[in-house]
Amino acid sequence: MPNIGGPCGWKRKLLGTVVDSQLLYATPAWIGKATVAARTRANMIRQQRAVALRTIRAYRSVSDEATLVLASTVPADLLGLERKRIQSRLATETAPGALRPSKASVRREERARTIEAWQQRWEATSKASWTKRHCRDTDASRNTSPMCLQCLSHEDTAEHTLTECPNWSAFQVPLATQLGHSPTAADIGDIVCGPPFDQLPADEDEKRAILMQAEETFQLSYRMIEDILTVKEDEERARQAAEPADGPDVR
C-alpha cells in the first residue's frame, strides 16, 4: 500500500486485523513460551509494524512503539496473552452456586488488563520521545469510561454513536433522506452489502437504477461515518490537550 493515495484509513486498519488473525492463530497453545524471549516478541511485533506503518502512512524510521500507538494496534504478544487468559478463565469450573461470568465480561476485563500492560510499556520505553509528548496514553486507553461523552446517557458503542446519539443527528440527515427514515443498526448490513443479486430485476435499466441507488446510499453512509469520527477525534484531542500534564516537559 502506498503512503500517498491507495486505500483509506479504515480499509488499511481492516487489513491489519487480517495480519493479527494469522499471526495469533492458536495462540493459547504457544504464546506462553513464545513471549519469554525478547527476540520472539520483537519478531511478532515486526509483522504488525509493517502494516501499522501503512495504516498511519509513516516512514520506516518511526519506532515500533510509536507506530503501534498511532495505529491503535495492540502489540501482538499482549494480544496473545490476553487470548490465553480468556480461554483459561472460560474453561475454569465455577464453584457450586457461584455465578459464571459471561464471555463478554471476561473479554472486557482481560482487554482492560491488556491496555494497562500496554500503557506501562509505553510509559517505560526510551523511544518515541516526541510522540509521547503528544500521546501520553495509548490510543486504545484514551477514554476508559464506557459512557458516551456527548449525551452522557448511554454506553459509547459504535451502534450508539452512528444511529442513536442525538449529538450526531445532523450528520445523519443526508442518509436519512436517502433511506426515508433515520438509520438504524439493522440498515448497516444492507448498506454495506447492497441488494442481493438474485433478487434484482431482470430488466437492465431497473437493475442499473437499483445498483446506482445502493452505491449512493453506501457513499452517504461512508461520509456520515467519516464526518462523525473526524469530529469525535478532534474533540478527543481537545480534551487531551486540556488535561494537566503529569509533570514538566523535559526536552
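Up top is the structure these notes are about.
This one's a predicted model, so the numbers in the text were calculated from it and none came from an experiment.

(A) Fine view of the overall build of the chain. Along the chain, the regular secondary structure elements total 11 helices and zero strands. Element order for the chain, N to C, with α for helix and β for strand: α-α-α-α-α-α-α-α-α-α-α. For the chain, contacts bridging at least 24 residues in sequence account for 57% of all contacts bridging at least 6. Accessible area of the chain: about 16000 Å², with a carbon and sulfur share of 56%.

(B) Summary view of the pattern of salt bridges. In total, this model carries nine salt bridges according to the counting rule given. Note that Arg89 and Glu109 form a salt bridge whose closest N and O atoms lie 2.7 Å from each other. Of this pair, Arg89 sits in helix α5 (residues 76-91) while Glu109 sits in helix α6 (residues 103-124), placing them 20 residues apart in sequence. Among the residues examined, Arg89 registers a relative accessible area of 31% and is labelled partly exposed. What makes Glu109 partly exposed here is its relative accessible area of 40%. Three or more residues are tied together by salt bridges with common partners; here these are Arg85, Arg89, Glu109, Glu110 and Arg113.

(C) Local environment of α5. Between its terminal C-alpha atoms α5 stretches 23 Å, which fits the 22 Å expected from 16 residues at 1.5 Å a residue. Listing the buried residues of α5 in full gives Ala76, Asp77, Leu78, Leu79, Gly80, Glu82 and Ile86.

The rules behind each value
- Residues numbered from 1 in each chain as written.
- Predicted model: local features only at pLDDT ≥ 70, side-chain atom pairs only at ≥ 80, totals over all residues.
- Heavy atoms only, no water.
- Helix = DSSP H or I, 4+ residues; strand = E, 2+ residues; numbered from the N terminus.
- Contact = heavy atoms within 4.5 Å.
- Areas by Shrake-Rupley, 256 points an atom, 1.4 Å probe, with all protein chains shown as cover.
- Salt bridge = Lys/Arg side-chain N within 4 Å of Asp/Glu carboxyl O.
- Buried < 20%, exposed > 50% of the residue type's maximum accessible area, 1.4 Å probe, protein only.
- Expected span 1.5 Å × (residues − 1).

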